[in-house]
Amino acid sequence: MVKFVSLFIMNHAVVLIGGEAGQGIFYAGDIFCKAILEGGLEFFSRVEFPSLIRGGHNSINIRVSDKEVRSSLKNYDLIVALDENTVNQHKSLLKSSGRIICNEGIKVEGVEVYHVPFEKILKKFEATSILKNAIALGATCAVLSYDFKFLEQAIRKDLDSKKVDKKLIVKNIEVSKFAYDYIQKNYGDDFEIKLEGGRSKNKRMINGNRSLVEGALKAECKFMGAYPMSPATSIMEEFDKTEGVVMKQAFDEIGAIGFALGASFAGVRSMTATSGGGLDLMGEFVSLVGSSEQPLVIVDVQRPGAATGLPTRQGQSDLNLVLNVGHGEFPRVVLVPGDVEELYYETFNAFNIADKYQLPVLVLSDKHLASSVASLSVFDSKNLVVDRGEIVVGDVVGYKRFSITESGVSPRSIPGKGPVFNSSSDEHNEEGLIFEGADNKVVMEDKRFRKLEALKKELVSPKLYGEENVDITLVSFGSTKAAVLEALGDLKNENVNVNFLQLICVCPFPSEYVQSVLSKSKKIICVEENKTGQLASLIRRETGIEIKEKLLKYDGRAFFPCEIFDRVLEVYNG
């Protein structure tokens, strides 16, 4: 028996499960997270995989805690390797006290290893190679001293829900239990990380794309026009399996937004979702949405460009795109949620804003938000009220669809329910008839843009974490939020006087508030996942404040808290 000497760390672990595509890596991670929930612990998981039709290396980083966690950590306590390539790729990020679980034939130097006879166990149970992930799960729970009953409950509930044959369910559990017992018998239970279970109750697993869909459904969205494009594809898949809504897959992204706009014109709350390349194609229709003053929610789940770029990786390089997509000038709203919860609430808000002000609302997400999974409570929706805006019903004498109003918003008519009206992609007069008069062009353009004045008063404000008048202000948007917040806590433990400004609505831009906060800081660091500092440029354009210190990451991977922590200390001490 091999003995490892260590001190115990309770209910905190970072586990990486890796292997070749087809080995069930993500399913293993999914079941492990469900087992964590069964034991009342919290987790956050992040997946990485190449943009290949078949093959390649897949991995899932799972952070477990007895407290709420919303970001990944860079270094692992435990690597669970279903192939040798996983060891080679990730060994350098293993903590000095970390361990590796791998097949008995893999040689690893300089690291304590739990060798598991995968093939022998499969042969013993007459199981196919796909059950390697069940072996890995049993071994993982044993190494972490995590009660096997939680894993068994997770396996049984998951496979039962999929109506899997009872015999196969039993075999999965038996294989996992054998691996669990094998670790305990041959290696003991003296690894420094131990999971005993916590007190978190009534939590569930949910990723960003599912959260966004739930927000849309709560907002009574009934139609989605879509064309598959990673990492937005699962949004259309979630819609497709939901009763009471229509998901229409188009022949391309142009057709997708066209379908959605047609449904909106007919009075149905509608949306489309894509990534940057798809939004490029949608540009002309986005302009039509603005000119025709129809409500529409457009979701851009970012991935790194340019061109096809890194289809399955992380980036935040579409900010300029969503701010400017579509020719000509027309009002729009751009919302950038920062976590899974905000995706739910801001998507709901997007539909109300689109209806009330009759314009396009773009929701900017990204791969990290879309596919990362967290343990969350059920969303609190009791105060969410659907607001369809001003809609005219029945016959109205002298109705003008685009009537000039003080607010810029004209009463809307739904075909078949309200008065008949004209609508055109050309510039038009109040009746909707094509009209090229010079004065009319100015009046109609001004009318549309007046909507922004009222909008500014009710849009979500930036969030300031920490006090004003600090040495350093971190400013960012989107999914960097979690990593920045964790770094912020660590920095305060080092007595660094720092705060964090999170921007959620970037169009119309909250210039006065941002200028007020940033002007009180001695130094500003803009944290972005792009090459050119698009947010910093936007802030300079809207406030006149030039942010000289930037932390830019554009390698296709999300930020880790330690990267932000190190950069702030560098600026603070410099």
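Definitions and cut-offs
- Residues numbered from 1 in each chain as written.
- Predicted model: local features only at pLDDT ≥ 70, side-chain atom pairs only at ≥ 80, totals over all residues.
- Heavy atoms only, no water.
- Pairing = 2+ DSSP bridges.
- Helix = DSSP H or I, 4+ residues; strand = E, 2+ residues; numbered from the N terminus.
- Axes fitted to C-alpha atoms, helices over the stretch in contact; angles between N-to-C directions.
- Contact = heavy atoms within 4.5 Å.
- Buried < 20%, exposed > 50% of the residue type's maximum accessible area, 1.4 Å probe, protein only.
- Polar contact = N/O pair within 3.5 Å; in protein donor to acceptor, adjacent residues only side chain to side chain.
- pLDDT = per-residue confidence, 0-100.
- Expected span 1.5 Å × (residues − 1).
- Arc of directions from axis to C-beta.
- Phe/Tyr/Trp six-rings, centres within 6.5 Å; stacked < 30°, edge-to-face > 60°.
- Lys NZ or Arg CZ within 6 Å of the ring centre and 35° of its normal.

(A) Examining the sheet that holds strand β5 (residues 76-81) more closely. Overall, mixed pairing links the eight strands, which are arranged β7-β6-β5-β2-β4-β3-β16-β9 in an open sheet. Both edges of this open sheet fall to β7 (112-116) and β9 (204-207), since each of them pairs with a single strand only. Here the average twist between neighbouring strands, direction ignored, is 20°. Where strand β2 (residues 12-20) meets β5, four bridges bridge the pair, whose relative direction is parallel. Paired with V15 across the bridge in β5 is L78. Across the sheet, helix α1 (residues 25-38) touches β2, β3 (42-48), β4 (57-65), β9 and β16 (373-376), and the angle it forms with β4 is around 10°.

(B) Structural context of the environment of S65. By the element assignment, S65 lies in strand β4. For S65, a relative accessible area of 4% gives the class buried. On a C-alpha basis, the gap between S65 and Q358 in space is 44 Å, while along the polypeptide they are 293 residues apart. S65 has contacts with N11, H12, L41 and E42, leaving out every residue within four places of it along the chain. Here the side chain of S65 touches H12 through a polar contact of 3.1 Å, side chain to side chain.

(C) Spatial organisation of the confidence of the model for the protein chain. Of the residues in the protein chain, 99% reach a pLDDT of 70 or more, and the chain-wide mean stands at 96. In the predicted structure, residues 1-6 sits below a pLDDT of 50 and forms 13 contacts with residues beyond four places in sequence or in another chain.

(D) Focus on unusual backbone geometry. Omega for the bond connecting G305 with A306 falls within 30 degrees of zero, at 5°, which places this linkage in the cis form. Secondary-structure assignment places A306 in the loop between β13 (296-302) and α11 (319-324). Note that the residue after C507, namely P508, is joined by a cis bond; omega there is 0°. Secondary-structure assignment places P508 in the loop between β22 (505-507) and α17 (511-518). At E293, a residue that is not glycine, the phi angle is positive and equals roughly 55°. The topology assignment puts E293 in the loop between α10 (276-292) and β13. For E293, a relative accessible area of 0% puts it in the buried group. Of note in the backbone geometry, A307 takes a positive phi value of approximately 55° without being a glycine.

(E) Region of the structure containing helix α5 (residues 148-161). Between its terminal C-alpha atoms α5 stretches 20 Å, which fits the 20 Å expected from 14 residues at 1.5 Å a residue. Along α5, the residues classified as buried are F148, F150, L151, A154, I155, D158 and L159. All buried residues of α5 lie within an arc of 165° about the axis, which places them on one face of the element. For α5, the exposed residues lying more than 90 degrees away from the buried face are K157 and S161. Check the buried side of α5 and you find it contacts α1, α4 (132-143) and α6 (166-187). A distance of 3.0 Å separates the backbone nitrogen of K149 from a side-chain oxygen at the start of α5, and that oxygen is part of D147. At the exit of α5 stands K163, carrying a positive phi of roughly 55°.

(F) Examining the packing of aromatic side chains more closely. Taken as a whole and judged by the stated rule, the model has 11 aromatic pairs. Ring centres 5.7 Å apart and planes at 70° place the aromatic pair F26 and F49 in the edge-to-face group. With F26 in helix α1 and F49 in the loop between β3 and β4, the pair connects residues that are 23 residues apart, well separated along the chain. Residue classification places F26 among the partly exposed positions, given a relative accessible area of 29%. For the pair Y344 and F379, a centre-to-centre distance of 4.2 Å together with 15° between the ring planes defines the contact as stacked. Of this pair, Y344 sits in helix α12 (residues 340-357) while F379 sits in the loop between β16 and β17 (391-392), placing them 35 residues apart in sequence. Both residues of the pair, Y344 and F379, count as buried. Here the aromatic cluster, defined as three or more aromatic residues joined through ring pairs, consists of Y344, Y345 and F379. In this structure, K124 is placed above the aromatic ring of F125, and the distance from its NZ or CZ to the ring centre is 5.9 Å. A cation over a ring is seen here: K177 above F148, with NZ or CZ 5.8 Å from the ring centre.

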